Amino acid sequence: MISETSQRARPAVVVMGVAGSGKSTLAAAIAERLGAVFVEADGLHSSDAKARMAAGISLTDDDRWPWLARVATRIREEHAAGDAVVVACSALRRSYREALRRDGGADLDFVHLDGSETRLAERIGQRTGHFMPATMLSSQLATLEPLGDDERGHVVSIELPIDEAADLAVRLLQFHLDD
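The structure displayed is predicted, hence computed values, not measured ones. (Residues numbered from 1 in each chain as written. Predicted model: local features only at pLDDT ≥ 70, side-chain atom pairs only at ≥ 80, totals over all residues. Heavy atoms only, no water.)

Engineer: Any chance you could break down the pattern of salt bridges for me, citing the residues and the numbers?
Structural biologist: The final tally for this structure, using the stated rule, is 16 salt bridges. Residue Arg 101 pairs with Glu 151 through a salt bridge whose shortest N-O separation is 3.5 Å. Linking Arg 101 in helix α5 (residues 94-103) with Glu 151 in the loop between α7 (137-143) and β5 (153-157), this pair joins segments that are 50 residues apart in sequence. Residues Arg 119 and Glu 122 are paired through a salt bridge, measuring 3.3 Å at the closest nitrogen-oxygen approach. Of this pair, Arg 119 and Glu 122 both sit in helix α6 (residues 117-126), three residues apart, roughly one helical turn. Several salt bridges converge on common partners, so that one network encompasses Arg 94, Arg 97, Glu 98, Arg 101, Asp 150 and Glu 151. (Salt bridge = Lys/Arg side-chain N within 4 Å of Asp/Glu carboxyl O. Helix = DSSP H or I, 4+ residues; strand = E, 2+ residues; numbered from the N terminus.)

Structure representation (structure tokens):
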């Protein structure tokens, strides 16, 4: 668990990565450990965007900007209410992360879930009831811009068991939270 001083800092974390990386599961586990609000960014997509993705049609930046604005608004609202927040959001491009930082009203840290295309495809194939088909994975990997050296964040392997990954992410974030 984080210290009381760190809790007052109200951390804002975005767990990012491509489909099948486990963003939602890890973000929820980190939120639990931090006593933070968990936000599922997929729930903020428009019904049209979800239908397009379900049909295997990649979203354009024009489709993504309004969604990212809704995600940033949720971060800003939770933070303004005095809450720590952990968001599961693909945030595949640097420009998307910059928009979340700029418009989210909070100092964001990113946790990038990373893994091989083979393992990601296996994981997508095992899920049920999600709008994102496995056929979209290659376009997501092509879009992905890993965290730059100048971006606040850490990379965590999808191969770690969820509890171990969440504990590691909190330890890595602790450095920033105590600053």
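Past the structure itself, the notes keep going.
Engineer: Mind laying out the side chain of Glu 151, listing which residues take part and the relevant values?
Structural biologist: On the basis of relative accessible area, Glu 151 is assigned to the buried category, the value being 8%. Among the polar contacts listed, one links the side chain of Glu 151 to the side chain of Arg 97, at a separation of 2.8 Å. A polar side-chain atom of Glu 151 sits 2.7 Å from the main-chain amide nitrogen of Gly 148. When residues no more than four places from it in sequence are discounted, the contact partners of Glu 151 are Arg 94, Arg 97, Arg 101 and Pro 146. (Buried < 20%, exposed > 50% of the residue type's maximum accessible area, 1.4 Å probe, protein only. Polar contact = N/O pair within 3.5 Å; in protein donor to acceptor, adjacent residues only side chain to side chain. Contact = heavy atoms within 4.5 Å.)

Engineer: Help me get a handle on the pairing of strand β3 (residues 85-88), residues and values and all.
Structural biologist: Along β3, one buried face is formed by Val 85 and Val 87 and the opposite face, lined by Val 86 and Ala 88, is buried too. Sheet topology places strand β1 (residues 12-16) next to β3; four bridges connect them, and they run parallel. Along β3, the bridge assignment pairs Val 13 with Val 86. In terms of strand pairing, strand β2 (residues 37-40) meets β3 through four bridges, oriented parallel. Paired with Val 39 across the strands is Val 87, a residue of β3. (Pairing = 2+ DSSP bridges.)

Engineer: Pulling in residues and values, what's your account of unusual backbone geometry?
Structural biologist: At Ala 91, a position not held by glycine, the phi torsion is positive, near 45°. As for its position among the elements, Ala 91 is in the loop between β3 and α5. Given the relative accessible area of 1%, Ala 91 is considered buried.

Engineer: Could you give an account of the pairing of strand β4 (residues 108-114), naming the residues involved and the relevant values?
Structural biologist: On any regular strand, side chains alternate: one points to one face of the sheet, the next to the other face. Counting buried positions along β4 yields six of seven residues, so the element is predominantly enclosed. Taken together, the five bridges between β1 and β4 define a ladder with parallel strand orientation. From the neighbouring strand, Val 14 faces β4, where its bridge partner is Phe 110. Where β4 and β5 come together, five bridges link them in parallel fashion. By the bridge assignment for β5, His 112 is matched with Val 155.

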